[in-house]
Amino acid sequence: MVTDMGYGAELLPEETKHAVAELAIHGMTCSSCVYLIESVLTEASGVHTASVALATKKCRVKYSSDVIGIRHIIELINGAGHFEASLASSQSRPESLSYNKEIRRWFSLFIFCLVFAIPVMVAMFDPLKAYLSVSLVPGLDVHSLAMWLIATLVQAVAGYPFYKSALYALRHKSANMDVLIVMATTIAYLYSMVVMIIAISAKRDTPKTFFEVSPFLLVFIAFGRWLEHIAKGKTSDALVNLMSLQATSTILVSLTDKGTIEKEEKIDIDLVQTGDHLKVVPGDRIPVDGKVVFGSSSVDESMLTGESLPVPKDVDHTVIGGTLNQTGLIVVQATHVGADSTLAQIVRLVEDAQTSKAPIQRYADKIAGVFVPGVLFLSLATWLVWFLLGYFYPSDIQNKHCIEELRSKNGSTSPFCLLENAFLYAVTVLSIACPCALGLATPTAVMVGTGIGAKQGVLIKGGAPLEATHKVNYVVFDKTGTLTHGQPSVVEVLPCDDQSTKVQSTKVSQPLLAIIGTAESGSEHPLGQAIVRYAKENLLTATFGTVDRFRAVPGCGLQCQVSDVHSTGESTVIPTVQSQSSSPSDVVIGNRQWLEKFGIEHIPSAVQSVMLSHEQQGRTVVLAAVNGELQAMLAIADTVRAEASLAVSTLRDIGIESIMLTGDNRRTAIAIAQQVGIDTVYAEVLPQHKCDRVKHLQENPMAGCPPTATSRPVVAFVGDGINDAPALTQADIGIAIGGGTNVALEAADIILMKVRKV
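Residues numbered from 1 in each chain as written. Predicted model: local features only at pLDDT ≥ 70, side-chain atom pairs only at ≥ 80, totals over all residues. Heavy atoms only, no water.

**Some details on the overall build of the protein**
- On a plain count of helices and strands, the protein comes out with 25 helices and 28 strands.
- In the protein, which comprises 758 residues, the proportion classed as buried is 45%.
- In the protein, the proportion of contacts linking residues at least 24 apart, taken out of those at least 6 apart, comes to 67%.
- Counting only carbon and sulfur atoms, one obtains 58% of the accessible surface of the protein, whose full area is about 38,100 Å². (Helix = DSSP H or I, 4+ residues; strand = E, 2+ residues; numbered from the N terminus. Buried < 20%, exposed > 50% of the residue type's maximum accessible area, 1.4 Å probe, protein only. Contact = heavy atoms within 4.5 Å. Areas by Shrake-Rupley, 256 points an atom, 1.4 Å probe, with all protein chains shown as cover.)

**With respect to a positive patch on the surface**
- A contiguous patch of positive charge, built from Lys-101, Arg-104, Arg-105 and Lys-164, is present on the exposed surface.
- It is helix α3 (residues 100–123) that contributes the most residues to the positive patch, three residues altogether.
- As for its placement among the helices and strands, Arg-104 is situated in helix α3.
- Overall, the relative accessible area of 54% leaves Arg-104 in the exposed class. (Patch = residues over 30% accessible without salt bridge, like charges linked within 9 Å, V, L, I, M, F, W, Y side chains within 5 Å. Salt bridge = Lys/Arg side-chain N within 4 Å of Asp/Glu carboxyl O. Lys, Arg positive; Asp, Glu negative; His and termini not counted. Charge placed at Lys NZ, Arg CZ, Asp CG, Glu CD.)

**Some thoughts on the environment of Val-272**
- Examined against the element boundaries, Val-272 turns out to sit in the loop between β8 (261–268) and β9 (277–280).
- For the pair Val-272 and Ile-251, spaced 21 residues apart in sequence, the C-alpha to C-alpha distance is 9.7 Å.
- The residues touching Val-272, leaving out its near neighbours within four places in the chain, are Thr-250, Ile-267, Leu-278, Val-288, Ala-334 and Val-337.

**Some words on the packing of helix α17 (residues 510–520) against helix α18 (residues 526–539)**
- Packing of α17 against α18 leaves a shortest axis separation of 9 Å and a crossing angle of 145°. Classified by chirality, the crossing of α18 by α17 is left-handed. In contact with Gln-510, Leu-513, Ala-514, Ile-516, Gly-517 and Glu-520 of α17, α18 contributes Gly-528, Ile-531, Val-532, Tyr-534, Ala-535, Asn-538 and Leu-539.
- Residues that form the contact of α17 with α18 fall into these classes: eight nonpolar, four polar and one charged. (Axes fitted to C-alpha atoms, helices over the stretch in contact; angles between N-to-C directions. Left-handed = near helix turned anticlockwise from the far one by under 90°. Nonpolar A, V, L, I, M, F, W, Y, C, P; charged D, E, K, R; others polar.)

**Quick look at a nonpolar patch on the surface**
- The grouping of Phe-107, Ile-111, Leu-114, Val-115, Ile-118, Met-121, Val-122, Phe-125, Leu-128 and Tyr-131 at the surface amounts to a nonpolar patch, some 890 Å² of accessible area in total.
- Within the residue set of the nonpolar patch, elements represented by two or more residues are α3 and α4 (126–132).
- Among the elements that line the nonpolar patch, the one with the most residues is α3, at seven residues.
- If you trace the backbone, Ile-111 turns up in helix α3.

**As for the packing of helix α6 (residues 160–171) against helix α7 (residues 177–202)**
- Taken N-terminus to C-terminus, the directions of α6 and α7 make an angle of 120°; their axes are 8 Å apart at the nearest point. By the angle between their axes, α6 is oblique relative to α7. For α6 against α7, the interelement crossing comes out left-handed. Contacts between α6 and α7 pair Phe-162, Tyr-163, Ser-165, Ala-166, Ala-169 and Leu-170 from the former with Asp-178, Val-179, Ile-181, Val-182 and Thr-186 from the latter. (Parallel < 35°, antiparallel > 145°, perpendicular 65-115°, else oblique.)

**With respect to the nonpolar core**
- Counting residues in hydrophobic clusters, the biggest one holds 65 residues, and the most contacted among them are Leu-41, Ile-77 and Phe-83.
- Sort the elements by how many residues they give to this core and α3 lands first, with nine residues.
- The residues contacting Phe-83, other than those within four sequence positions of it, are Ile-25, His-26, Gly-27, Met-28, Cys-33, Leu-36, Ile-37, Ile-77 and Asn-78. (Core = buried A, V, L, I, M, F, W, Y, C linked by side-chain atoms within 4.5 Å.)

**What about α7?**
- In this model, α7 (26 residues) spans 38 Å end to end at C-alpha, consistent with the 38 Å of a helix rising 1.5 Å per residue.
- Lys-203 occupies a position one or two residues after α7 and carries a positive phi of about 55°. (Expected span 1.5 Å × (residues − 1).)

**Considerations on the environment of Leu-623**
- With respect to the secondary-structure elements, Leu-623 resides in strand β22 (residues 620–626).
- It is 6.0 Å that separates the C-alpha atoms of Leu-623 and Asn-591, two residues lying 32 residues apart in sequence.
- The residues touching Leu-623, leaving out its near neighbours within four places in the chain, are Val-588, Ile-589, Gly-590, Arg-592, Leu-595, Ile-603, Val-607, Met-611, Leu-630, Ala-632 and Met-633.

**So, the sheet that holds strand β24 (residues 657–661)**
- Spatial ordering of the open sheet is given by β16-β28-β27-β26-β17-β24-β25, a layout of seven strands whose pairing is mixed. Edge positions in the open sheet fall to β16 (458–460) and β25 (680–682), since each of these has one partner strand only. On average, each strand axis in the sheet is inclined to that of its neighbour by 20°, with strand direction left out of account. (Pairing = 2+ DSSP bridges.)

**Points about helix α2 (residues 70–79)**
- Residues Ile-73, Ile-74 and Ile-77 constitute the buried set of α2. When α2 is viewed along its axis, its buried side chains cluster within an angular range of 100° and face the same direction. For α2, the exposed residues lying more than 90 degrees away from the buried face are Arg-71 and Glu-75. (Arc of directions from axis to C-beta.)

**With respect to the sheet that holds strand β20 (residues 557–563)**
- Taking strand neighbours across the sheet as the criterion, the six strands line up as β18-β23-β22-β21-β20-β19 in an open arrangement whose pairing is antiparallel. At either end of the open sheet lies a strand with only one pairing partner, and these are β18 (489–495) and β19 (546–553). Adjacent strand axes in the sheet meet at a mean angle of 20° when their direction is disregarded.
- As judged from the six bridges shared by β19 and β20, these two strands associate in the antiparallel manner. From the neighbouring strand, Asp-548 faces β20, where its bridge partner is Gln-561.

**Some remarks on unusual backbone geometry**
- Of note in the backbone geometry, Asp-316 takes a positive phi value of approximately 75° without being a glycine.
- Here Asp-316 falls in the exposed class, since its relative accessible area comes to 56%.
- Here Arg-549, not a glycine, exhibits a phi torsion of approximately 50°, which is positive.
- Mapped onto the elements of the fold, Arg-549 is located in strand β19.

**Digging into the pairing of strand β17 (residues 474–478)**
- Across the five residues that make up β17, a large majority, five, are buried.
- Bridge count between β17 and β24: five bridges; the pairing is parallel. Its bridge partner lying in β24, Phe-477 is registered against Met-660.
- Relative to strand β26 (residues 715–719), β17 runs parallel, the two sharing four bridges. Bridge pairing in β26 places Phe-477 opposite Val-718.

**Here's the deal with the side chain of Asn-325**
- As for its position among the elements, Asn-325 is in strand β14 (residues 324–325).
- When its relative accessible area of 0% is taken as the criterion, Asn-325 is described as buried.
- A distance of 2.4 Å separates a polar atom in the side chain of Asn-325 from a polar atom in the side chain of Ser-297.
- Those residues within four positions of Asn-325 in sequence are excluded, and the remaining contacts are Val-280, Val-281, Pro-282, Gly-283, Asp-284, Ile-286, Ser-297, Ser-298, Val-299 and Ile-330. (Polar contact = N/O pair within 3.5 Å; in protein donor to acceptor, adjacent residues only side chain to side chain.)

Interpretation note: all reported values are geometric properties and have no functional meaning in isolation.
Printed below as a string of structure tokens:
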């Protein structure tokens, strides 16, 4: 048809369809598993990138959907070992991130091994060992028989999960830590069995055995795995707490033309659609993002916004899914559901930051992939070297058990002694390479370090942040609530005379303050709440007038009509403001650009001078106009913490650069930065871009990055709000203020519980 109309046309090649899948993977035990899964996926045709996070059991795969499908990807993962992969969407409940089952399993296994390891350790002491050295038959005594029975039981019961994992790995031509554990215990057990059988057959003395390797090594490994899964569980607490805010079901209602409820039905939260009307009773969580269409209430938004006071909600007010309805019954019309909700987006940002890997982490995963074969090679080389040394230099062997058998009657070295001596060193290499050393030494050091930190009011979550803190190159501070107290307050209110060249020194009239307070009473912005608190404190009242046609634009200001304003009245009443106005007053409050949109373009030079003075001190200036005339100027400030300057100065003294990252305007941010001594400032950064800014700083070091930084700079982020959670997780070390939101505290690696006064 197109060519018939006289136009040329050709079929364009179809663009490759790229897709991203989130998978939940169970069965991973160590970094070798991570490397194996990533290697299998990246080698598959159509898969572009694959990133696996061991702590969260998640995998993110970017692939071409027209080349490979999600079912094939899951089959590749399941076929790579004893792994169970599934779509993360079907595992989106908090219980999918829980490690309680694994923690209980490894604790039970640890107790089982410990029960048998204790008698083995006691039996190794010389007095008891001599007592048990009663020969039953030539080559076998009571001590060796008891050790064999215990080792057999432990090897069969406690060793089963390790054998199963190692068998899966070897079947798929890979090797993980479990392969090392199985080889160390099995070789020690089989060797001891062989030499004991040979001694019994030849009627020789009871030989040296290594049956104690199995209970000792397995109890250490089980203890380390138990602590490891406890640590993994703590890393997912942030996501678990976020997901637990989401309601699992809700009440769908049908409204009549008069706005009354006609029909109710309880449905699953996944079935909610945009535009649905949902009933929320007091004590229930708001199921999805939406706006109130019926009723009024107070909503606790502290878990998401950090606001400690309940926020009043009325018709046409917006509500956030996951917040708690407190006082009244409301009906909410859903506006954002599923993955589009605020809570889901925050969860996704935290998951993205946890799944993404730094270059150094990918390098470590590659090393882990060849670690096991390398250890096996070293163990074999150790055995060969010691065997040859014993053969050519027998006098240098210090094995007391073989010292009398170094040479046989014909003058040659005893092969039996050489095998035993070389075997001892080879098994030692395998045993030390197993994770038992890290499973004991590292948790012990972490417990001591975190214990000392807790006494000082610093809560450190595990060994990784404890180890990484001394490598920090940059500390990125959020402004509000971190460097400042996070509680804005009105520091000055001055009336403005448009006809005068000076700003009046008297206070604003109570009628004018009542009008401004009434207008801001419909605002949820922290600055508006600060003005309302100021008005209530000065007017000694808890109620204001009536607000109609309220409209607020974030970052600009508000417009509304105010009527029925009652105040005590004063002699200085501005003519355009009535204490009891018979007609509504048009009120505009906001920044100068907002007032210009309503024709209030002329701001006296005296007012501008005072505004500039306040802004240079880091204060936010708000202008108020009534009936088209400028009436008042309000200066609002979030005061700097007294200890902030000392903290920045101390960091500078030890070679760490401080950076401010805030969503506030640049002039205010620079003023605060100058007060605390910070030179680098990133202002007007939206919440969703804070995480990107931290990531950019990690990948692109600033000029003057300390020479100690090797592959990339180490970045610490300090924040306290829900909008800081993604940045706290993205940073190498997330530091949260103790008074911040629960989500920020859970996402952080370090929590500062005490604020020291200086």
